[in-house]
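Architecture at a glance
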Amino acid sequence: MAEVSLRHIKKVYPNSERTSKKGLFGRKKADDGARKASSLRITDEGVLAVPDFNLDIADREFVVFVGPSGCGKSTTLRMIAGLEEITDGELYIDGKLMNDVAPKDRDIAMVFQSYALYPHMTVRDNLAFPLKLRKMDKQTIDAKVNEAAETLGITEFLDRKPKALSGGQRQRVAIGRAIVREPKVLLMDEPLSNLDAKLRNQMRAEIIKLRKRIDSTFIYVTHDQTEAMTLGDRIVIMKDGEVQQVGTPQEVFEHPSNLFVAGFIGVPQMNFFDAELVRDGNAYSVHVGDAIVVPSAEKQARLAAQDVASQSITLGIRPEHISLASGDAATLVGTVDVSEMMGSSVHVHLDSLGQDVIVIVPTTEIEGPYQDHFFAGAKVEYAFGGNVIHMFSKDEQGTNLEF
Amino acid sequence: MDKQQTLAAERRNKAILSVVLAAICILWVLPVVAVVINSFKLNTFVKTDTFALPTSESWAGMANFVKGMTFGNYPFKSSVLYSVVITVLSTGLILVFCSMAAWYIARVDSLFCKALYFLCVFSMVVPFQMVMFTLSKTADVLKLNTPWTIPIVYLGFGAGLAIFMFVGFVKSIPLEIEEAAAIDGCGPVRTFFSVVLPMLKPTLISVGILEIMWVWNDYLLPVLVLDINKYRTIPIHIQYLKGSYGTVDLGATMALILLSIIPVIIFYLACQKHIIKGVAAGAVKG
């Protein structure tokens, strides 16, 4: 029900209060990982957690902030929530400037990683609390609480205290408390991180379902790229407080803007090789080891449009795009280090060109026991096509040369 | 074999420990037992057979109690009233103000708060005897010398321990709960009374018991500050059993002491079940 705009949002933790986090009185108290990361820049003003964050989030969009711990994603979310002061820049919710508006007046709700339920209240009271504070009449509150409880399947726990619930149930209550008052923006700060793998998958599916039923704009923070890929309409990948790329899951996966995004998105991680990009007129080729890969016509056109010259590059190929068929032009040889049976596929770790290369081999393509083919020390030939390669510059940013 | 030996040794150690602790317990309870049995004995037998149970010869029945409550020209019920008023008001003030102050100190990280905290902790190690004369003078000037105003003095003396205990507990409450409250629509005042205070319940009760026992039993502060011709608390009243008679009526003294112990014990037993650790369990991932 609301657009959210972040314009040049900046967050600096002043030096004197570096070890602290904001309390309700506008001062700061000890915070989570945000400032532990050593990669954050320390300026004269203090520690720069988020230097310049720009993003427009559409109404009812589901945006996921993802990045390694300490990348500023939670800080940004907390600034949207009003739990963290915005040092500089402008935050608009529904077109209204929200920088100095108290959290309770922003019409947002938040789900915390640690659930943050009120321990002295029953589940029903926990759900009803935000409604009571809005002075709704009892009948409306009851109706809304029951509806939210039904949606999340917690009706039978309504009269229990949070401590009598399991982790998954508590998280449902926390989500229930957030959705019960139908906020404009629903913020979620790593809501599934405390759950075990099975429950996490289940809750992830529930969030997808939930999202269809309520009209809020979702902003979701996670360090888990699977969650980001499956949940988000758009993903915002962050590192050291800076946005690396914003795009749909598919865009981010297929066209990572730089080396960091390429390495962060996708499991197992993308393989990287040192290679040479050679330009001959408008034709490009990539020399890696003894092999020569010709980028697809589309990629060549993009490189030409950018007027990319011959240079040393980092070549990236996703493990699932490498095949063991040796017919291709670009054939490389590796020695098997380890092979991991994953069920539907085998992850083969190769020692090739002096580094670890992971290849995913579907079990349907393997005859007999996989160990017969991928025992340690076995020589394996592998290849990849010119349409699946990613070319990154050798500089510090490692930008994708196609864009 | 080894394991059996260790188990046997463990059992032996436990037995020794039980005996030692039992002895300590008995020593600890002995004064209370003495008060109970002597309050039913005639005055003369209190001194001679202190630890003997009342016999038909020494049995005084309720005479000690009646005497304790009726002697002199000051009504005992006024003493009870003033004791109750002072204790309830003082404890109430301490609990409300110190929990609020402690929340602020624990949540706001500033030099002022640190200084305040250490000042409170420091006040615990200053002996009352050091400040009592200047205090009684100050209390007179500021009109803090009535049962209705002396709680302010108690608030000052009780704040150190109370704030120390509250701050420790508030720090163990996850900040996320208060942040959730802020997002749900609470201002600081509402957050405190609807969210923080209920979670502080175990500490409120612990601090409450300590303060009640202290204020209820306190003799020196009220005797110095209050106008004792007008206002007497129970401990002051008991003291008059000695002063006004020249000799001490130990039987009546014991009877009054027993009476003054009973409310505290009842309160303690009533609140005992609330003193549970981990009331915050279930709020966040534990």
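Residues numbered from 1 in each chain as written. Chains lettered and ligands numbered in written order. Predicted model: local features only at pLDDT ≥ 70, side-chain atom pairs only at ≥ 80, totals over all residues.

1. Digging into the overall build of chain A
We count it as follows: Per the convention used, a helix needs a DSSP run of H or I reaching at least four residues, while a strand needs a run of E reaching at least two, with both numbered from the N terminus.
If you tally the helices and strands in chain A, you get 9 helices and 20 strands. Over its C-alpha atoms, taken along the principal directions, chain A stretches across nearly 75 × 55 × 35 Å.

2. Looking at the overall build of chain B
Heads up, the rule is: Our radius of gyration looks at C-alpha atoms and nothing else; its globule reference is 2.2 Å times the residue count to the power 0.38. Note on burial: count the other C-beta atoms lying within 10 Å of the residue's C-beta; 20 or more is buried, 12 or fewer is exposed, in between is partly exposed, and C-beta positions come from the backbone. Any pair of residues counts as being in contact when their C-beta atoms, constructed from backbone geometry, are within 7 Å of one another.
Each helix and strand in chain B was counted, giving 13 helices and 0 strands. Its helices and strands in sequence order give chain B the pattern α-α-α-α-α-α-α-α-α-α-α-α-α, from N to C terminus. Taking 286 residues into account, the globule formula puts the C-alpha radius of gyration at 19 Å, and chain B, at 24 Å, lies well above it. Each principal axis of the C-alpha atoms in chain B carries an extent, and together these give about 75 × 70 × 35 Å. In chain B, which comprises 286 residues, the proportion classed as buried is 35%. Here the analysis covers contacts within chain B between residues at least 6 apart in sequence; of these, 77% occur between residues at least 24 apart.

3. Some remarks on the sheet that holds strand E14 (residues 291–293) of chain A
Sheet strands pair via backbone hydrogen bonds, and the direction of the pair is either parallel or antiparallel. Residue and element names in this part refer to chain A. Test applied: Pairing between two strands requires that DSSP report at least two bridges joining them. Each axis is a line fitted through C-alpha atoms, taken for helices only over the stretch in contact, and angles between the N-to-C directions span 0 to 180 degrees.
With antiparallel pairing, 5 strands are arranged side by side in an open sheet as E14-E13-E12-E15-E20. Sheet topology places E14 and strand E20 (390–393) at the edges, where each strand pairs with a single neighbour. When strand polarity is set aside, the average angle formed by the axes of neighbouring strands in this sheet is 40°.

4. Let's talk about the pairing of strand E4 (residues 62–66) of chain A
Residues and elements named next belong to chain A. Extensive coverage of E4 is indicated by the burial of 5 of its 5 residues. The side-chain alternation of E4 yields two buried faces, one formed by Phe62, Val64 and Val66 and the other by Val63 and Phe65. Note: E4 against strand E9 (residues 217–222), 5 bridges, orientation parallel. From the neighbouring strand, Phe62 faces E9, where its bridge partner is Phe218. Relative to strand E10 (residues 234–239), E4 is paired through 4 bridges, and the arrangement is parallel. Its bridge partner lying in E10, Val63 is registered against Arg234.

5. Let's talk about the domain arrangement of chain B
A common way to state how big an interface is: give the accessible area lost once the parts meet. Definition in use: In this document the domain limits rely on a domain assignment from an automatic tool or a database.
Domains assigned within chain B are domain 1 (2–66) and domain 2 (76–248). Taking the mean C-alpha position of each, domain 1 of chain B and domain 2 of chain B sit 33 Å from one another.

6. Side note on the domain arrangement of chain A
Residue and element names in this part refer to chain A. Going by this rule: Put simply, Ala, Val, Leu, Ile, Met, Phe, Trp, Tyr, Cys and Pro go in the nonpolar bin, Asp, Glu, Lys and Arg in the charged bin, and everything else, Gly too, in the polar bin.
Structurally, chain A comprises domain 1 (4–259) and domain 2 (260–393). Computed from C-alpha coordinates alone, the two centres of domain 1 and domain 2 are separated by 38 Å. The partner domain 2 presents 10 residues to the 11 residues of domain 1 that form the contact. Residue assignment for the side of domain 1 that touches domain 2 shows that the elements contributing at least two residues are E10, strand E11 (242–247) and helix H7 (249–254). The residue makeup of the side of domain 1 that touches domain 2, split by class, is 5 nonpolar, 5 polar and 1 charged.

7. Description of the pairing of strand E17 (residues 345–352) of chain A
All names here are of chain A. Of the strand pairs in this sheet, strand E16 (residues 331–341) and E17 are connected by 6 bridges, and their pairing is antiparallel. Residue pairing in the sheet places Val338 in a bridge with His349 of E17. Hairpin connection, E16 to E17: the antiparallel pair is bridged by 3 residues, and Gly343 has positive phi, about 105°. Pairing geometry for E17 and strand E18 (residues 355–362), over 8 bridges, is antiparallel. From the neighbouring strand, Asp351 faces E18, where its bridge partner is Asp356. Joining the antiparallel neighbours E17 and E18 is a turn of 2 residues, in which Leu353 adopts a positive phi near 55°.

8. Focus on the sheet that holds E16(A)
Residues and elements named next belong to chain A. Taken in spatial order, the 4 strands make up an open sheet running E18-E17-E16-E19, and their pairing is antiparallel. Since the sheet does not close on itself, it has two edges, and those belong to E18 and strand E19 (379–383), each with one partner. Mean inter-strand twist for the sheet, computed between neighbouring axes without regard to direction, equals 50°.

9. Looking at the packing of helix H3 (residues 63–70) of chain B against helix H13 (residues 250–271) of chain B
Residue and element names in this part refer to chain B. Heads up, the rule is: Here the angle decides the label: under 35 degrees means roughly parallel, over 145 means roughly antiparallel, 65 to 115 means roughly perpendicular, and every other value means oblique.
Where H3 contacts H13, the axes come no closer than 8 Å and their chain directions differ by 85°. As far as their axial angle goes, H13 and H3 are roughly perpendicular. Judged by residue contacts, Asn64, Phe65, Lys67 and Gly68 of H3 engage Gly251, Ala252, Met254, Ala255 and Leu256 from H13.

10. Points about the confidence of the model for chain A
Residues and elements named next belong to chain A. To keep things clear, this is the line we draw: Per-residue confidence from the predictor is reported as pLDDT, which spans 0 to 100.
Mean pLDDT over chain A: 88, with 92% of residues reaching 70 or higher. With pLDDT under 50 throughout, residues 17–23 is counted as low confidence; its partners more than four residues away or in other chains account for 25 contacts. A low-confidence stretch, residues 26–38 stays under pLDDT 50, and its non-local contacts, those more than four residues away or across chains, total 35 contacts.

11. Points about helix H9 (residues 188–199) of chain B
Residue and element names in this part refer to chain B. Rules: By this rule, a helix spans an expected 1.5 Å times one less than how many residues it contains. In this description, the arc belongs to the directions extending from the helix axis to the C-beta atoms.
Between its terminal C-alpha atoms H9 stretches 15 Å, which fits the 16 Å expected from 12 residues at 1.5 Å a residue. Inspection of H9 places Thr191, Val195, Val196 and Met199 among the buried residues, and these make up the whole buried set. For H9, the buried positions fall inside an angular range of 85° around the axis, keeping them on one side. In H9, the exposed residues that point more than 90 degrees away from the buried face are Val189 and Phe193.

12. Observations regarding the confidence of the model for chain B
Chain-level pLDDT for chain B is 87 on average; 93% of the residues reach the 70-or-more range. Across residues 278–286 of chain B, where pLDDT falls below 50, the model places 32 contacts with residues more than four positions away in sequence or in other chains.

13. Points about unusual backbone geometry
All names here are of chain A. Look at the link from Val267 to Pro268: it is a cis peptide, with omega at -10°. Here Pro268 shows up in the loop between helix H8 (259–264) and strand E12 (271–280). Here the phi dihedral of Ala116 falls at roughly 50°; this positive angle occurs in a residue that is not glycine. For Ala116, the location among the structural elements is in the loop between strand E7 (108–111) and helix H2 (123–133). Under the C-beta neighbour-count criterion, Ala116 is labelled buried, with 28 such atoms within 10 Å.

14. Details of the nonpolar core
Using the following cut-off: Only buried residues count toward a nonpolar core: Ala, Val, Leu, Ile, Met, Phe, Trp, Tyr and Cys, linked into one set through C-beta atoms within 7 Å.
Formed by 153 residues in total, the largest nonpolar core has its most connected members in A:Met110, A:Leu187, A:Ile219 and B:Phe166. A total of 12 residues in this core trace back to one element, the largest contributor, which is helix H7 (residues 150–172) of chain B. Contacts of A:Met110, omitting those with residues within four sequence positions, involve A:Ala81, A:Ala178, A:Leu187, A:Asp189, B:Ala180 and B:Ile183. Judged by nonpolar contacts, the second largest core, of 11 residues, contains B:Ile238, B:Leu241, B:Leu250 and B:Leu256.

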